[in-house]
Amino acid sequence: MAILVIAEHDNAVLAAATLNTVAAAQRIGGDIHVLVAGAGCAAVAEAAAKIAGVAKVLVADEAAYAHRLAENVAPLIAKLASGYSHVLAPASTNGKNYLPRVAALLDVDQLSEIVAVESADTFKRPIYAGNAIATVQSSAPIKVITVRATAFDAAAGEGGSASIEALAGAGEAGKSRFVGEELAKSDRPELTSAKVVISGGRGLQSGENFQLLYALADKLGAAVGASRAAVDAGFAPNDMQVGQTGKIVAPDLYIAVGISGAIQHLAGMKDSKVIVAINKDAEAPIFQVADYGLVADLFEAVPELEKQL
Amino acid sequence: MKVLVAVKRVVDYNVKVRVKADHSGVDLANVKMSMNPFCEIAVEEAVRLKEKGIASEIVAVSVGPAQAQEQLRTALALGADRAILIETDEELGSLAVAKLLKAVVDQEQPQLVITGKQAIDSDNNQTGQMLAALTGYAQGTFASKVEVAGDKLKVVREIDGGLQTLELALPAIVTTDLRLNEPRYASLPNIMKAKKKPLETVKPADLGVSVASTLKVLKVEAPAERQAGIKVGSVAELVEKLKNEAKVI
């Protein structure tokens with residue numbers, strides 16, 4: 001039994017979520033191979049070969065995989081998959097995009113966003129936005145699975161010495177073309193992998209006031225998120241949204257500022273290790289999940305917190 | 001061009017679901033059901049394409065129990081021209097649903113299929129991508145902007161860290177993300193008119209599709225409850241607790 005893990009990367013750097021996905025594969029048990037599909041991605045393959053517990057790295061390096069377009073990547077993975085018992089990818093927007101296409105090409109059901117491995121064929125996954133946890137058993141000949149990275153402690157990124165093998169690619173499917181991308185440029189850590197996350201809600205009252213959170217974030221080396229209410233109000237872009245319909249985060253420290261705590265927001269952050277809530281409404285539901293609650297005007301408390309750190 | 005929109009009947013997004021005592025699933029008895037929010041966005045996008053003169057006909061399709069006719073009537077009231085219900089009382093997996101939709105695509109030959117990115121009950125986020133695989137069409141998932149330009153489709157996608165723009169060959173599958181549009185409400189006259197629009201019902205067997213699944217839900221549990229902690233009196237106390245008690249800063 002061998003497990004194929006699909007690496008998440010940007011052709012230059014191996015994304016941390018790959019390490020969490022390898023950790024999930026280790027829980028299943030078996031030889032672990034990592035596929036790096038990209039263009040000019042040799043550095044990523046070398047990084048993948050150093051992950052503890054990885055036996056082999058397969059590299060498909062060609063222009064068709066430069067942006068991991070599902071139409072191009074899915075046939076490559078499906079062709080490889082027949083030699084494996086499990087195919088795992090991080091539940092990133094990339095993994096969510098291409099992996100169901102792989103599953104359908106293989107004519108197997110997929111398990112999405114597992115948060116625990118019970119055995120080689122049984123997994124736990126959240127449903128109803130995390131309001132219920134289903135234990136699901138799969139009898140599929142190849143188990144195709146996306147992994148919620150925050151639910152698994154990362155495998156060590158150093159210490160491994162896997163062999164690297166080049167693969168012939170399957171070329172362009174000719175159905176889709178990459179036009180461009182706009183990535184938010186930031187010196188702050190990425191939201192889903194940050195150790196500390198500070199999120200703002202409607203209580204911030206404006207987009208400009210998010211500067212308060214950025215100042216605090218810079219002190220703590222934190223990422224900044226937002227509630228859906230703040231996104232809907234135009235205070236923050238959608239890719240900052242933490243919640244059921246946005247990003248799922250589980251940092252060591254989550255600071256919710258001016259967030260009331262709607263179910264949909266809690267679904268995205270309630271697995272954080274320590275939760276701090278700052279809100280002037282003592283009755284806000286966020287206090288029911290917070291380890292430390294501070295009933296205060298955020299416009300006074302946040303600058304003071306920044307000063308005291 | 002013809003546009004096919006898939007809609008799913010799910011528990012209303014405002015309902016806090018409860019797990020059944022026997023752990024066999026969540027309790028859906030007497031719970032308000034609605035159209036999946038991402039499917040509402042899909043219907044709205046199709047209607048806007050029709051208003052722009054790009055879409056010529058909108059066919060709404062649902063896979064579900066007889067009551068899913070309600071959600072199809074809603075789609076008709078919002079602007080779909082006709083509807084197809086693939087009726088089944090079984091809870092089907094995404095692959096089975098994708099196979100059923102593929103059979104409808106084969107019959108209807110739409111140029112564009114729009115689905116929600118995920119349903120808020122099973123949270124699978126699979127059906128659109130699987131349908132794209134089965135039809136061999138291009139996929140524009142998590143779309144925040146869709147533009148038809150000749151025989152191509154320009155799709156702006158919500159990806160980790162920002163936005164990505166793709167150009168897809170038509171026919172194509174699009175799955176909707178939250179920012180694609182803000183769905184309208186159905187007006188009363190349109191709700192009345194929708195009652196007269198055609199709604200056809202077929203069974204999975206009529207489409208020659210096997211809906212067997214390899215996934216078995218062994219149990220469904222409530223997530224671990226988080227206990228409320230303490231209230232601190234000041235910023236200084238908060239900093240002290242975070243440093244010395246929680247040791248996270």
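In what follows, the structure referred to is the one given above.
Predicted model, so just to flag it, every value in this text is computed and none were measured.

Conventions adopted
- Residues numbered from 1 in each chain as written.
- Chains lettered and ligands numbered in written order.
- Predicted model: local features only at pLDDT ≥ 70, side-chain atom pairs only at ≥ 80, totals over all residues.
- Helix = DSSP H or I, 4+ residues; strand = E, 2+ residues; numbered from the N terminus.
- Rg over C-alpha atoms; globule rule 2.2 N^0.38 Å.
- Buried ≥ 20, exposed ≤ 12 C-beta atoms within 10 Å, placed from the backbone.
- Contact = placed C-beta atoms within 7 Å.
- Axes fitted to C-alpha atoms, helices over the stretch in contact; angles between N-to-C directions.
- Parallel < 35°, antiparallel > 145°, perpendicular 65-115°, else oblique.
- Left-handed = near helix turned anticlockwise from the far one by under 90°.
- Nonpolar A, V, L, I, M, F, W, Y, C, P; charged D, E, K, R; others polar.
- Pairing = 2+ DSSP bridges.
- Arc of directions from axis to C-beta.
- Core = buried A, V, L, I, M, F, W, Y, C linked by C-beta atoms within 7 Å.
- Expected span 1.5 Å × (residues − 1).

Within chain A, the secondary structure is distributed over eight helices and 16 strands. At 21 Å, chain A has a C-alpha radius of gyration in line with the 19 Å of a compact globule built from 309 residues. Overall, the C-alpha framework of chain A stretches about 60 × 40 × 40 Å when taken along its three principal axes.

The next thing to look at is the environment of A:L105. Mapped onto the fold, A:L105 is located in helix α4 (residues 93-106). Judged by the 19 C-beta atoms lying within 10 Å of it, A:L105 is partly exposed. With residues near it in sequence (within four places) discarded, A:L105 still touches A:A74, A:P75, A:A78 and B:A133.

Attention now goes to the packing of α4(A) against helix α4 (residues 127-135) of chain B. Contact geometry for α4(A) and α4(B): axes closest at 7 Å, N-to-C directions at 50°. In this view, α4(A) runs oblique relative to α4(B), as classed from their interaxial angle. For the crossing formed where α4(A) meets α4(B), the hand is right-handed. Taken together, the residues of α4(B) that come into contact with α4(A) (itself represented by A:N97, A:P100, A:R101, A:A103, A:A104 and A:L105) are B:Q129, B:M130, B:A132, B:A133 and B:L134. For the contact of α4(A) with α4(B), the per-class residue count stands at eight nonpolar, two polar and one charged.

With that settled, the discussion passes to the pairing of strand β6 (residues 116-119) of chain A. Residues and elements named next belong to chain A. Sheet analysis places β6 next to strand β7 (residues 122-127), joined by three bridges and oriented antiparallel. If you follow S119 over to β7, its bridge partner there is T122. Linkage of β6 to β7, two consecutive antiparallel strands, is achieved through a turn of two residues.

With 67 residues of chain A at the contact, the number on the chain B side is 63 residues. Of the residues contributing to the side of chain A that touches chain B, the split by class is 34 nonpolar, 19 polar and 14 charged. In this sheet, strand β13 (residues 230-232) of chain B lies alongside strand β16 (residues 292-295) of chain A in parallel orientation, the contact comprising three bridges. Bridge pairing in β13(B) places A:Y292 opposite B:I230.

All right, on to the sheet that holds strand β12 (residues 215-221) of chain B then. Strands sit in the order β6(A)-β7(A)-β8(A)-β12(B) across an open sheet of four strands; the sheet is antiparallel. Among the strands making up the open sheet, the edge pair consists of β6 of chain A together with β12 of chain B. The mean angle between the axes of side-by-side strands here comes to 30°, regardless of whether they run parallel or antiparallel.

Here the focus is helix α2 (residues 42-49) of chain A. Residues and elements named next belong to chain A. By the burial criterion, the buried members of α2 are V44, A45, A47 and A48. Buried residues of α2 fall within an arc of 160° about the axis and therefore sit on the same side. Buried positions along α2 lie against α1 (17-28), β2 (31-38), β3 (56-61) and β10 (163-166).

Residues B:V5 and B:A60 are the most contacted members of the largest nonpolar core, which totals 203 residues. In this structure, B:V5 is in contact with B:A42, B:V43, B:A46, B:I58, B:A60, B:A75, B:A80 and B:I114, ignoring residues within four places of it in sequence.

What follows is about α1(A). Residues and elements named next belong to chain A. Taking 1.5 Å per residue, 12 residues should reach 16 Å; α1 reaches 17 Å between its end C-alpha atoms and fits that length. Burial analysis of α1 places 10 of its 12 residues in the buried class, which makes it a mostly covered element. Of all the positions in α1, only A17, T18, L19, N20, T21, V22, A23, A24, A25 and I28 are classed as buried. Two residues or fewer past α1, G29 is found with a positive phi of approximately 95°.

In this section: unusual backbone geometry. Following B:L170, the chain continues into B:P171 via a peptide bond in cis, with omega recorded as 0°. As for its position among the elements, B:P171 is in the loop between β9 (162-169) and β10 (172-176). Phi angles above zero are rare outside glycine, and A:N11 is one such case at about 80°. With respect to the helices and strands, the residue A:N11 is situated in the loop between β1 (2-6) and α1. Located in the positive-phi region is A:R68, a residue other than glycine, with phi close to 50°. Here A:R68 falls in the buried class, since 24 other C-beta atoms lie within 10 Å of it.

This part covers the sheet that holds strand β15 (residues 274-279) of chain A. Here we have six strands laid out as an open sheet, ordered β13(A)-β12(A)-β14(A)-β15(A)-β16(A)-β13(B), and parallel in their pairing. Since the sheet does not close on itself, it has two edges, and those belong to β13 (223-226) of chain A together with β13 of chain B, each with one partner. Between one strand axis and the next, the sheet turns by 20° as a mean value, whatever way the strands run. Bridging between strand β12 (residues 196-200) of chain A and strand β14 (residues 253-257) of chain A involves five bridges; their strand directions are parallel. In the sheet register, A:I198 faces β14(A), and the bridge partner there is A:I255. Relative to β12(A), helix α5 (residues 210-220) of chain A is tilted by about 175°, and along the sheet it contacts β12, β13 and β14 of chain A.

Scope: geometric values only; no functional claims are made or implied.
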